[in-house]
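# Per-entry structural report
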Amino acid sequence: MGTLSKYRLLILCSGLLFVAIGLIVAAPVKWVVLWTDALIFTLMVVIIGTAWMVRSRPYLLAPWRRVVRNRIAAGALVVLLSYVVIGLLDSIHFRELLPAQEGSHQQHYSSNTLSLLDKLLTPIRIQEEKSYSAPFAIQLFSKESLQGDDGTTVRDYPRLQYGGAHLADISQRKEDITNTLLLASSYALATWVVISLLVVWMLARRHGQSYRQQFKQLIRGEMEMPWCTLLLMFLVILLLLFISMMLGVKYHIFGTDKVGQDVFYQTLKSIRTGLVIGTLTTLVMLPFAVVLGVAAGYFRGWVDDVIQYIYTTLNSIPGVLLIAATVLIMQAYIAGNPELFETMEERADARLFFLCLILGITSWTGLCRLLRGEALKLRELDYVQAAHAFGVPQNQVLSRHIFPNVLHIVLISLVLDFSGLVLAEAVLSYVGIGVDPTMHSWGNMINGARLEMAREPMVWWSLMAAFVFMFILVLAANLFADAVRDAFDPRAVR
Amino acid sequence: MIAYIIRRLLYAVPILIGVNILTFWLFFVVNTPDDMAHMQLGMKHVTEEAVDNWKAERGYDRPLFYNEQQDGMSTLTDTIFFDNSLRLFVFDFGQSDDGRDIGYDISERMWPSLALAIPTLIIGLLVNLTFAMLMAFFRGSYVDLSGVILCVVLMSISGLFYIIGGQWLVSKVLHLVPISGYQPGVDAWKFLILPVVIGVIGGIGSGSRWYRTIFLEEISRDYVRTARAKGLGERLVLFRHVLRNALVPILTGVVVVIPLLFMGSLVMESFFGIPGLGSYTIDAINKQDFAIVRSMVFLGSVLYIIGLILTDISYTLVDPRIRLN
Amino acid sequence: MNDTLLQVNGLKTWFETSSGTVRAVDGVSFDIRRGETFALLGESGCGKSITSLSLMRLVPEPAGKIVSGSVMLDGVDLLTLPEYQMRNLRGSKIGMIFQEPMTSLNPVMTIGRQIQESVERHMGLRNRAAKGRVLELLSSVGIPDPEQRYGEYPHQLSGGMKQRVMIAIALAGEPELLIADEPTTALDVTIQAQVLELMADLQKQTGMAMLLITHDLGVVAEVADRVAVMYAGQIVEQASREQFFSDPQHPYSKKLFASMPDIEKRGETLAVIRGTVPPLTTQFTGCRFEERCDYSWELCRNSLPQWTQQPTGHGALCHLMDPRYQGREMTLLSSEPEVESLQTATLAEQATLSVDNLKVHFPIRKGLLKRIVGHVHAVDGIDIELKQGKTLALVGESGCGKTTVGKGILQLIRPTAGKVDFDNNDLTQLSNKQLRPLRGDIQIIFQDPFSSLNPRMRVADLIEEGMVAQGKGGNSSQRQQRIDQLLQQVGMLSEHKHRYPHEFSGGQRQRICIARALAVEPKLIICDEPTSALDVSVQAQILNLLKRLQRELGLAYLFITHDISVVEYLAHEVAVMYLGRIVEQGRVEDVLTEPRHPYTQALLSAVPSIRNIRKKKQRLEGELPSPINPPQGCHFNPRCPKVMDRCRAHYPNKTVHENNHFVRCFLEENRE
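Remember, predicted model here, so these are calculated numbers, not experimental data.

Scoring rules and cut-offs
Residues numbered from 1 in each chain as written. Chains lettered and ligands numbered in written order. Predicted model: local features only at pLDDT ≥ 70, side-chain atom pairs only at ≥ 80, totals over all residues. Heavy atoms only, no water. Contact = heavy atoms within 4.5 Å. Buried area = accessible area lost by both parts, 1.4 Å probe. Salt bridge = Lys/Arg side-chain N within 4 Å of Asp/Glu carboxyl O. Polar contact = N/O pair within 3.5 Å; in protein donor to acceptor, adjacent residues only side chain to side chain. Helix = DSSP H or I, 4+ residues; strand = E, 2+ residues; numbered from the N terminus. Nonpolar A, V, L, I, M, F, W, Y, C, P; charged D, E, K, R; others polar. Buried < 20%, exposed > 50% of the residue type's maximum accessible area, 1.4 Å probe, protein only. Pairing = 2+ DSSP bridges. Axes fitted to C-alpha atoms, helices over the stretch in contact; angles between N-to-C directions.

Right, let's get into the interface of chain A and chain B. Interface extent is often summarised as the accessible area lost during association of the parts. Taken together, the contacts link 45 residues of chain A with 44 residues of chain B. Each partner contributes to the roughly 3700 Å² buried at the junction of chain A and chain B, and carbon and sulfur atoms together form 78% of this total. In this structure, the connection of chain A to chain B is made through one salt bridge. Residue Arg209 of chain B is joined to Asp482 of chain A by a salt bridge in which the shortest nitrogen-to-oxygen separation is 2.6 Å. Where chain A packs against chain B, one counts seven residue pairs in polar contact (both at pLDDT 80 or more). Contributing elements (two or more residues each) for the side of chain A that touches chain B: helix H11 (301-316), helix H12 (319-336), helix H15 (394-431), helix H16 (442-450) and helix H17 (461-488) of chain A. Looking at side-chain class alone, the side of chain A that touches chain B contains 31 nonpolar, seven polar and seven charged residues.

Our focus in this paragraph is helix H10 (residues 222-229) of chain B. Of all eight residues that make up H10 of chain B, six are buried, and the element is covered over most of its length. Buried within H10 of chain B are the following residues: Tyr223, Val224, Thr226, Ala227, Arg228 and Ala229 of chain B. Along its buried surface, H10 of chain B packs onto helix H9 (188-219) and helix H11 (234-255) of chain B together with helix H1 (48-56), strand S6 (94-97) and helix H6 (159-171) of chain C. Positive phi shows up at Gly231 of chain B, right after H10 of chain B, with a value of about 95 degrees.

Our next topic: the pattern of salt bridges. All names here are of chain C. Inspection of every chain in the model, using the stated rule, returns 51 salt bridges over all chains. Between Glu182 and Lys48 there is a salt bridge, and its shortest N-O distance comes to 3.5 Å. Of this pair, Glu182 sits in the loop between strand S7 (177-181) and helix H7 (189-206) while Lys48 sits in helix H1, and the two are 134 residues apart along the sequence. Note on Glu182: relative accessible area 6%, which makes it buried. Using a relative accessible area of 6% as the deciding quantity, one classes Lys48 as buried. A salt bridge links Arg133 to Glu136, with the shortest nitrogen-to-oxygen separation between them at 3.1 Å.

Facing 30 residues of chain C, the contacting portion of chain B comprises 25 residues. Between chain C and chain B the total buried area reaches about 2400 Å² when both faces are included, carbon and sulfur atoms providing 60% of it. Across the pair Arg240 of chain B and Glu117 of chain C runs a salt bridge whose closest N-O atoms are separated by 2.7 Å. Counting across the interface, chain C meets chain B through 14 residue pairs in polar contact (both at pLDDT 80 or more).

Our focus in this paragraph is the side chain of Arg133 of chain C. On the secondary structure map, Arg133 of chain C appears in helix H4 (residues 127-140). Polar contacts involving the side chain of Arg133 of chain C include one to the side chain of Glu136 of chain C, which spans 3.1 Å.

This part takes up the sheet that holds strand S2 (residues 93-97) of chain A. Residues and elements named next belong to chain A. One open sheet accounts for three strands, arranged S1-S2-S3; its pairing is antiparallel. Looking at the sheet topology across the chains shown, the edges are occupied by strand S1 (29-32) and strand S3 (109-115). Here the strands of the sheet are splayed against their neighbours by 30 degrees on average, with no regard to which way each runs. Note that S2 and S3 share four bridges and pair antiparallel. The partner of Phe94 across the bridge, within S3, is Leu114.

Shown next as C-alpha cells:
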C-alpha cells in the first residue's frame, strides 16, 4: 500500500503541476513575482519538503500527531489555514492585458498589479463610495447638500452608489439581509454536508469499517484525530465565507473608509501583510540564529566570544530604535531611487521585504542564545562523545548529532514568535516605521481610523474590523503555538 | 564583589564601542549627510546651495574620520566621527537638527517618562504575581483553566486596542479623566492614571501566564515534596518555599528592564500626550531628526548594558548558590 | 499497647496517563512493628516509592490517586483523615527522607531554617528554644560545628551532609515511623556506610520504626529486620531477614540472588531473568511474573496466585507455595538460550595499552583577565598496563577521577602530561587527524544508556556511523550484513535495526551501544560504569555479554566502576583510585581478599554484602577532599585511621609485592 499511495500522490502532484504551468503560460496576463511572493513560495516549498521528510521519521511525526490530536489546536489550525489560503491567493500577482489599442500590435499591460484574491473579490474591490459609510448602510455617513427633484437643495444623507443600491428604500433592508443570510447559510450547509459525507466515506474506507460505524465513532469522538472538531470548524468557516460573499456584493458589510473603499476588502487584503511579517521575519533570521548559535555552543573558545559579542551588541540597541533608524534610511534610499520599481505595489512590497529583514536582524538574538545553550549541553552528551571516539568528522557531528537535536527549539520559537510579530506590525505602523502607508495592513487601518476617533458619532468600523481579524489570527496562533510547545518540549513528554 | 562589578563594567566597553561604530556607520556612511539634507529640505526642488548650507550649519560638511585641513590633534577631532559619535561616550549629545540641545531635552523629558513607567512596572508586577499565585494555588482546577484561557485571550488582543478602547470608554463616554495631556507636579496623577491602568492590563496576559509557568515548575521540584512531608500547609509551602525560589528568575527578569524605563514607552506617551522620552523619540522619527534618534540609540544601549550588569548583581544578591561561590 | 505500629491493607494507587491507567501499586499489604526496620525491596518501576508516598498521602495529584485500601497508624486510618489532620501527622508521627539529597532541600533557605520550620510546626517551640533544638538535632545527626552550619545553604554541603540534614528534618518531629526512600542510593559506599550506621544508631536511641525502601540486597542484609519484595505493583514475598536470605521462596527472589555478581560466580555465567517487567497498564489474569518465570505452568497464566503464609510468617505470592498445588514437581523450563560461540580468539601480542604517568589537570580561571589561579588535579599521574583479552577494573568513589582517565586515554580530553602508548603509538603526541585512523582500536561504552544513543537516528545508522568513519565493513550492503550479525552477536534481532532508540529498554540500549563499539573491531573497550544505571537482573545480562565477547574476540576491557561485586565477578586485575592517583593495584584475588592500603580496606568493608551479614565494619570518617587542593602528603591522610606524621609530609612510593601487587602507603614501606 505504501508504494502505491506514494505513486498516486506523485502522479497527482505532477498532474497539478502541469495544469498550473499550462494556466501560467496560457493566461493573457503578465505574471509578477514580488520579492515577498518569491519568499512565500520558497517557504511553501520548504514546508512541503519538510512534511515529506517528517512522514518517514516517526520521532518527528509523533509530536505532530500529538498536536493535531489536541482539539483546541486542531480548531486553531483550521482557522490558521483559512487565513493562509487567503494569504496565498493574495500572493499570486499579475498585470492584466489592456485591450489592444488601435493600430498598434504592441501588447500593453495594466500598471495595476492584481492578485488572484483581488480578482475573486472584484465586485467588492471596485465598488467604491464617496466617503465613510457604516456597515450595512445604504446612505453615506455624513450629510451633504443634495439637489432635490424639484431643484431645491436639502441637507441629507445621500444614498450610496453600490451599498444596498438594489433596494427601493431602507425599510426593505432588514428583510433583504435576512433572506440573503438564510440563503447563504443553506448553501453553506449543503456544501458542508456533501464534504462531510465524503470525509466519512473516505475514513470508513481507510479503516475498513461500515459507513454507519464510522459515523457513530466520529460523533462520539472516539477517533484518533478530532474529526468532529475539524468538521465543525469547517462549517463555521464555510458559513462565514458564504454569508460574507453573498452579503458583501450587496452591502458594505464592514462599511467604507474615508475614500469610500470597502473595509471588508481592506481587512482581507491585510491578512497577507500580517502573515508575511509573522513568517518571513523568522525565516530570514533563521539561518543566522541557527548557524551562529550552534557554532558558538559547539566550538566554544574565540568563536563563542565573537558571536556572543555580536549578539550582545545588537541586543543592546533598543529594537524599535534600530528598526526606526534602518527604516528611515531605507525610505531615503527608495525615495532616492524611484527607477528601481516599476509599480507602486513593487515599491510597497520592497519596503515590506526590508521591514521583515530588519525585524529579523533585531530578533534573532534570543533564538541564537537559546541554541548556544543547547549546543553547549549537547556537545558534552555521551552520544556526541561516542561520535568523537569513532573519529567522525566535525561537520558530520554537527549535521547528524547536534542539528537534529536542536530542531524542536527552532520550531517552538518559530511558532511562538509569530503572534508577537503580527501584533508588532500594528504598533510599528502606528509609530510610522511599519509597512508602506499605501499597503493594506491592520496597522495602517488602525492608524487611519484613530484620527477619526474624535468624530461624533464615532467611526468605529475600520478599527473594529482590524482588531477582530487580528485578534482571531493571533488567538489561533497562540493556541496552536501552545500545543506545539507542549508536544515538542521534551520536558512536557512526561 | 567590587572586582566583579569592575570586570562587568570593562566588558561593557567593547559593546558600547560596537554600538557606537554601528550607529555611526548607519547614520553617516549608509545614509550620507546629503541624504539627510535632502530629506529635511524636501526631496525635489532643492538647490545645491541649500543643501550645503544645511550641512554647514550642523557641521556635517566636514570629513568623516580625518580632516586634512587641520593641524595636530584637530585632524582627528574636527571630524564628524569625533564630534557626533565619540562625544556620545561622555553623554555630550550635541544639538538636534532643529538646533535644540539634546542633552537638556533628555534631562527635562525623562521625569514624565519615569512617572508613567515606574508605577506601571510596580503595579503590573504585583498584579501579575497575584494572578499567577492564584492560578498556581488552584492548579488543575477550573479557576486555573479559566485563568489560563483568559490570559491567552488577553495576550491575543493588540495593545493598541486597550489604549483606544480605554480612552474611548473612560475619557469619552464616562468623562472620568482627561483624554490626554500632562501637567507636572501633583496634578499629574489625573493624566497618568489611565495610561498606567491600561499598561498594567495590557501586560497581564503574557506576564501572569509566564509567572504561572515558573511557579508550576518550582512546585514540581523535590524540595516542595520535602516541605509537604514536614507537614506544612499548602499556603506556607507556596509562600515560604515556592515563591522565594520563583522570585529568583522573576526579579532578575524585572531588573533588566529597570534602566530602560528611562526611555519611556513610545506608544503610550504619544497616545496620551505625555511629554516624555518616548514621545520625544517618536516625534524625532516622524521629523526624521537623525541626531536625536542617534542619541537615543546610544542612550538605550548604555541603559541596557547597565540593566545587564544590575541583573548579574541582583542574581548574586538573591541566589545564595551564586553569591557564595 | 499494640505491638503493630502501621498496618497497610490492600493499598492501591493508580495513575491516569495518556496510555491508560497505570496500576503502580496494586493491592499491597504489610505490617510494621514498633522499633523494627522493615525493608521494601524491588527494582526500578515496581511501585515501591509510590507505596511510600501513598502512606504519606503525597502522591502527585491529580494524575495519581489512592483508589482503595487502608493505612492504619496506631489504629487511625490515614486515608480517611481530612487533609488538615493528615498534615499534623506528617513530620510528627511519620518522617520521611528521599533519595536525592541534592534536590530535596530548598536551595535559597538556610538549612537551619529548614529544620527549624519542622521543629516549630510540630514541637511548638519558638525562637531561641527552637534554634537550640535545631542545633541539638544537627549534632545528633553527626554534623560538625552546628552553630556555623545553621546559617549555611544546602549547596555549601556535600551530598552526605545534605542527607544528614534531611534526616535531621525528618527527626525534628520525633516520629514513630521513619520512611527512608532509597536514602543512600545517590551516595558513595563509604558515605552510605556512615549514613546507614547513623540511621541505625538513631533508631536505637529513639525506638522508632523504619520503612526502608531500596533496590540493594546488600543494604537490606545489613539493616533490615523484615523484608518484603515488590514486583510489578505487588508484594510477592515477605519474610524475616534470616528466612529471606537463607531460604528465598518466590522464583523472582531466587533469581535476584542468582543474578548478583559475586566472586564465587567467576567463570560462570550469571543467571538472568529473561524478558522485561510487563507494563502496569495491563489487566492481569495470571501471575505477573509468569512470562519471566522458570517454573511457570499453565495455571500461572490463567489464575491469580494467592498469598500463602507459613506459620513462621514467611509468605509468598506464588502458586508453587499454595498448599493446593503442593507436591507438584518444580519443572525447570530452559532458561534463555545463551549463544555459545565455538571460536575462541587467539591472543596475539601482549600489553596493548600502557599508560605512563598520565595527568589531566583542568585550569581554574578567575579574575579580570581570566588568569589561571589553580588546577583541578582530576588525574594526577597514573600508570596502567593492560594486556589483550584481560580486564582491568578501575575502582573508586565519585570524584576520584576514574572517568577522566578513560576520556584521557581516548584523547577525548587531551592529557596535561604523560604517555598513552597503544600499539606502539603515543596517542598524546598525535594530532586529531593522525588519531582518526586509530580511533577504531579503542572504543568506549558509557554509563547512561539513555544519553549515549542519538534519539534522532535509527539503530542501523547508529551502528553504521562508526564503520563509515573508520572505513570498515566494506560496501553498503556488506555493512548491512555486518550490522545484522552484530545485533545477533549482542543478543538482539536484526529487525531491530530499523527502530529508534526510544523503543528499547535500558538494557537493550546498552546492547546497542556494545554493538556500535564492536562495529569498528576494537581491541580495547573502555567500559565507563556500563551497568550502574541498570537493575540487577539486567546488569547480569550485560555482564554475561561482555564476558562472552571477551572470550570470543579477545577484547581487553578497562572497566571503570564503583561496584566491587562487579569487579569481583569480571575483572582480572584491579586498580583502586583515590583523588587522582592509584593507591593499590594488583590481581583481583590478591587485592580483594588481602587489601593492604587502609583506603582499600575501608572501601571493601563499607560495601554492604549479603554474605557476611552484620560483621564488624571499619568506618571511614569524613569525605573525599577537593581535587583542587589535595591534602599535603598522602592524599588519604585526613581520613586514614592509621595516619602517621610522615603521611602528612610526603606522598608514599610504590611498594611492590608478589604478582605485581603494589601499594602506595608508608605502612607497607615500613613493613619491608
